[in-house]
Each structure stands twice: as structure tokens, then as C-alpha cells.
Amino acid sequence: MCLAIPARITELKENNMAEVSIMGTTRDISIDLTPQAGLGDYVLVHAGFSIEVVGEAYAKETLALIDEMSELVDDFEASPQAAVR
């Protein structure tokens, strides 16, 4: 299974590179596959490449779900039943 994470382009760089912000972390990615992407756009990032430009609402909804999943994992790992596994 592949997972692409929404990220916001914060800086356009030379050679079709861009800096993006992903949940508070910045990364440099290639925008070769999405040459239409611009500063402030949200893109789906997979393996260091933007693979699709997406809307802000979709990006924020997806990031909220990812955050919720990490909270569920934290809750599970903190539960007494997790120690029994």
C-alpha cells in the first residue's frame, strides 16, 4: 500500500524543486510530476515527489484524519490491553 501525504508548497526552488510543509515539518521535494503547482498550493507527496495538486479543504481534512489516527495509536499503546499482546 502506498501513502501520499498532503503538503503545502512554501518555496519554489530551481530545477523543479520545492520546499513543502508537512504537519509542521519541512522537506524538499520534486515537482517534476506537477509542473502546474505553485507557491501556496497543496500537493500530495509520495517518495519525494508531488504527484497531484489538491484543494486546501481536501488537504486539511486528510491531515486531520492522519492526526486522528496517530492519536488512536497513542491511546492503544497506552491501554493496559496493549501490554498483554
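Residues numbered from 1 in each chain as written. Predicted model: local features only at pLDDT ≥ 70, side-chain atom pairs only at ≥ 80, totals over all residues. Heavy atoms only, no water.

1. Quick notes on unusual backbone geometry
Here is step 1 of the chain: A positive phi angle is found at Asn-15, which is not glycine, with a value near 60°.
Here is step 2 of the chain: Non-glycine residue Ala-47 carries a positive phi angle of around 55°.
Here is step 3 of the chain: Along the chain, Ala-47 turns up in the loop between strand E4 (42-46) and strand E5 (49-54).
Here is step 4 of the chain: Given a relative accessible area of 64%, Ala-47 falls into the exposed group. (Helix = DSSP H or I, 4+ residues; strand = E, 2+ residues; numbered from the N terminus. Buried < 20%, exposed > 50% of the residue type's maximum accessible area, 1.4 Å probe, protein only.)

2. Brief notes about the pairing of strand E2 (residues 17-22)
In the case of a regular strand, side chains alternate between the two sheet surfaces.
Here is step 1 of the chain: On E2, burial follows the alternation: Ala-18, Val-20 and Ile-22 on one face are buried, whereas Met-17, Glu-19 and Ser-21 on the facing-out side are not.
Here is step 2 of the chain: Bridge count between strand E1 (residues 5-13) and E2: five bridges; the pairing is antiparallel. Among the inter-strand pairings, Leu-12 is bridged to a residue of E2, identified as Ala-18.
Here is step 3 of the chain: Between E1 and the antiparallel strand that follows it, E2, lie three residues; Asn-15 among them carries a positive phi value of about 60°.
Here is step 4 of the chain: Linkage of E2 to strand E3 (residues 25-30), two consecutive antiparallel strands, is achieved through a turn of two residues, within which Met-23 is found at a positive phi near 50°. (Pairing = 2+ DSSP bridges.)

3. Some words on the confidence of the model for the protein chain
Here is step 1 of the chain: In this model, the protein chain carries an average pLDDT of 89, and 84% of its residues clear a pLDDT of 70 or more.
Here is step 2 of the chain: The weakest mean pLDDT in the protein chain belongs to helix H2 (residues 80-84) at 56; the strongest belongs to E5 at 98. (pLDDT = per-residue confidence, 0-100.)

4. Quick look at the side chain of Ser-50
Here is step 1 of the chain: Its place among the elements puts Ser-50 in strand E5.
Here is step 2 of the chain: By relative accessible area, which is 0% here, Ser-50 ends up buried.
Here is step 3 of the chain: In contact with Ser-50, other than residues within four places in its own chain, are Ile-29, Ser-30, Ile-31, Leu-33, Thr-34, Val-43, Leu-44 and Val-45. (Contact = heavy atoms within 4.5 Å.)

5. Examining the environment of Ile-29
Here is step 1 of the chain: Within the element layout of this structure, Ile-29 appears in strand E3.
Here is step 2 of the chain: Distance in space between the C-alpha atoms of Ile-29 and Phe-49 is 5.4 Å, their sequence separation being 20 residues.
Here is step 3 of the chain: Apart from residues no more than four positions distant in its own chain, Ile-29 is found in contact with Asn-16, Met-17, Ala-18, Val-20, Val-43, Val-45, Gly-48 and Ser-50.

6. Digging into the environment of Asn-16
Here is step 1 of the chain: In this fold, Asn-16 is placed in the loop between E1 and E2.
Here is step 2 of the chain: In the structure, Asn-16 is positioned 21 residues away from Ala-37 in sequence and 10.0 Å away in space, judged by C-alpha atoms.
Here is step 3 of the chain: Apart from the residues lying within four places of it in its own chain, the contact partners of Asn-16 are Ile-29, Ser-30, Ile-31 and Asp-32.
Here is step 4 of the chain: Within the structure, the side chain of Asn-16 is placed 2.9 Å from the side chain of Asp-32, a separation counted as a polar contact. (Polar contact = N/O pair within 3.5 Å; in protein donor to acceptor, adjacent residues only side chain to side chain.)

7. Focus: a nonpolar patch on the surface
Here is step 1 of the chain: Together, Leu-33, Phe-49 and Ile-51 make up an exposed nonpolar region whose accessible area comes to about 280 Å².
Here is step 2 of the chain: Here Ile-51 lies in strand E5. (Patch = residues over 30% accessible without salt bridge, like charges linked within 9 Å, V, L, I, M, F, W, Y side chains within 5 Å. Areas by Shrake-Rupley, 256 points an atom, 1.4 Å probe, with all protein chains shown as cover. Salt bridge = Lys/Arg side-chain N within 4 Å of Asp/Glu carboxyl O.)

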